[in-house]
Each structure stands twice: as structure tokens, then as C-alpha cells.
Amino acid sequence: MTSSVSRAGRSVHPTGKHRSGSAQSPSSLYRQNELFLDERQEEHDLNNFNDGLLIFFRQPHRLTVLAITLCLVWYTSNVLSRSGEENLYYNAKLGIAMAAVAFLIVCGMLLPDAPFRRPHPVMWRLVTGFGILYFVGMVFLLHMDVGSARQFLRHIDSSLGEPLEEREYASNVCFIFSLVYVS
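Fair warning: this is a prediction, and the values are worked out from it, not measured in the lab.

A. Main features of the packing of aromatic side chains. Applying the stated criterion across every chain, the model contains one aromatic pair. When the centroid spacing of 5.2 Å and the interplanar angle of 65 degrees are considered together, the rings of Phe140 and Phe152 count as edge-to-face. Residue Phe140 is located in helix α4 (residues 121–142), and its partner Phe152 is located in helix α5 (residues 146–156); the two are separated by twelve residues in the primary sequence. With a relative accessible area of 29%, Phe152 lands in the partly exposed category. Positioned over the ring face of Tyr90 is Arg82, at 3.9 Å from the centre of the ring.

B. Molecular detail of the layout of surface pockets. Approximately 590 Å³ is the volume found for the second largest pocket. Only α3 (88–110), α4 and α5 provide two or more residues apiece to the lining of the second largest pocket. Considered class by class, the residues forming the lining of the second largest pocket number 15 nonpolar, two polar and one charged.

C. Region of interest: the side chain of Arg125. Within the secondary structure layout, Arg125 lies in helix α4. Exposure remark for Arg125: the relative accessible area of 15% places this residue in the buried category. Contact partners of Arg125, with chain neighbours within four places excluded, come to Cys107, Gly108, Met109, Leu111, Pro112 and Asp113.

D. Summary view of the pattern of salt bridges. Evaluated as defined, the whole model comprises one salt bridge. Here Arg167 and Glu165 are joined by a salt bridge, their closest N and O atoms 3.9 Å apart. You'll find Arg167 and Glu165 in the same group, each marked exposed.

E. The arrangement of the side chain of Thr69 in detail. Residue position: Thr69 is located in helix α2 (residues 62–80). There is a polar contact of 2.7 Å between the side chain of Thr69 and the backbone oxygen of Val65.

F. Expanded view of the packing of α2 against α3. Direction vectors running N to C along α2 and α3 enclose 180 degrees, while the axes themselves pass 11 Å from each other. One element, α2, and the other, α3, form an angle in the roughly antiparallel class. For the pair α2 and α3, contact is made by Arg62, Val65, Thr69, Leu72, Val73, Thr76 and Leu80 and by Tyr90, Leu94, Met98, Val101, Ile105, Met109 and Leu110, respectively. Tallied by class, residues from the contact of α2 with α3 come to eleven nonpolar, two polar and one charged.

G. Representation of the environment of His155 in the model. Note that His155 resides in helix α5. You can call His155 partly exposed: its relative accessible area is 44%. Counting along the chain gives 66 residues from His155 to Tyr89, while the straight-line C-alpha distance between them is 9.3 Å. Residues contacting His155, with those up to four places away along its chain left out, are Tyr89 and Lys93.

H. Up close: α4. With 22 residues, α4 should cover 32 Å at 1.5 Å per step; its first-to-last C-alpha distance of 32 Å lies within 8% of that length. Every buried residue belonging to α4 is among Pro121, Arg125, Gly129 and Leu141, and all of these are buried. Of the surrounding elements, those touching the buried residues of α4 are α3 and α5.

I. Fine view of the packing of α3 against α4. α4 packs onto α3 with a crossing angle of 135 degrees between their chain directions and a minimal axis gap of 8 Å. As judged from the angle between their axes, α3 and α4 are oblique. By crossing handedness, the relation of α3 to α4 is classed as right-handed. For the pair α3 and α4, the contacting residues are Ala100, Phe103, Leu104, Cys107, Gly108 and Met109 in the first and Val122, Arg125, Leu126, Gly129, Phe130, Ile132 and Leu133 in the second.

Reading the values: rules and limits
- Residues numbered from 1 in each chain as written.
- Predicted model: local features only at pLDDT ≥ 70, side-chain atom pairs only at ≥ 80, totals over all residues.
- Heavy atoms only, no water.
- Phe/Tyr/Trp six-rings, centres within 6.5 Å; stacked < 30°, edge-to-face > 60°.
- Helix = DSSP H or I, 4+ residues; strand = E, 2+ residues; numbered from the N terminus.
- Buried < 20%, exposed > 50% of the residue type's maximum accessible area, 1.4 Å probe, protein only.
- Lys NZ or Arg CZ within 6 Å of the ring centre and 35° of its normal.
- 1 Å grid on protein atoms, 1.4 Å probe; cavity = no way out; pocket = protein on both sides within 12 Å on 5 of 7 lines; lining within 4 Å.
- Points joined across faces, edges and corners; volume = space filled by probe spheres on them.
- Nonpolar A, V, L, I, M, F, W, Y, C, P; charged D, E, K, R; others polar.
- Contact = heavy atoms within 4.5 Å.
- Salt bridge = Lys/Arg side-chain N within 4 Å of Asp/Glu carboxyl O.
- Polar contact = N/O pair within 3.5 Å; in protein donor to acceptor, adjacent residues only side chain to side chain.
- Axes fitted to C-alpha atoms, helices over the stretch in contact; angles between N-to-C directions.
- Parallel < 35°, antiparallel > 145°, perpendicular 65-115°, else oblique.
- Expected span 1.5 Å × (residues − 1).
- Left-handed = near helix turned anticlockwise from the far one by under 90°.

Written out as C-alpha cells, the structure reads:
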């Protein structure tokens, strides 16, 4: 660390602070405080920059989202649902889908921001919500035996319950030296 000598002969640190511990003048303290505040303002500006999105998308709209969510739940429960025993499967599927949508809406509003900013922090909250839903689904499947899990997955995709056709893999394997050694 190099030090220089001021006019008064006192040792001065390269940052401009006196090393002898003597009191600094009020004007130099004021300047240091201004520099500190300017650095804090620059840091604040970097963390809260205007990236061209409308201010509307950066403000919380919890009551609006709550009203839209309630309307969506009412619509799916009263208009889209079907009555009768034969529609139990359809209603269960609709209920699970709407529970997942409601969970993702809550995730979009309440989860903390991810370290990513683009395209929007809500998108990264939804990605985190999808990860949580996937985790819950895997824990649910983990507590089932293999047959029950296969039956459950058949409701998601009907082709999952069918056995696969037998195929031959690597039945005619021969070693050709020219394929391995390229001159």
C-alpha cells in the first residue's frame, strides 16, 4: 500500500483519508457522505431499472387478480361442470386443473422474486410454481404401488396402459474397421 504526503506533512491514504486519525473537516465529511449516497443511488437504480415495460405491469394488482380468479372459479364450477354420476371423471379432472391454476396464481403473487428479471419476475415465479406442482405430483406417485401409479397415469394419457411391442436392438452388430479408422 502506497501512501503520499499531504501539504501539512501528514500521511494520507490513497483513498484520501488521513491515516493519523486526526479529525477531518466538515466539508470533507460532507463530500464523503455525498459520494456514499451517490453510490447507493446508483446501486438502487441498477436494482430498480426501468426496462421499458409499462408501469402497470410493475405494480401489484392483488385485488384485480383476486376478482379475476373468483370469476374463473365460479365459471368453471357453475358453467363448465356437469352433473350426474357419469360425469364424475370429467368433474374431477376439471377440479384438479382448476386447483393447479389457483395454486399458480397464488405462486405468481406471493413467491419471492427469482434472480432473473427478463421477461418478467412473475414468469419466473410461475416456473417455480410449476416446479412445486411437479414435486407434489411426484410425492403423490411415490406413495402408490406400481399398478396403481400406472392406472393413475393412464388417466393422464390413455396410451400409457398399453404394453409396448417387442423390438430388436443391436441384433446385427458387426465390426467394420473402416468405420472406426479414418485415414
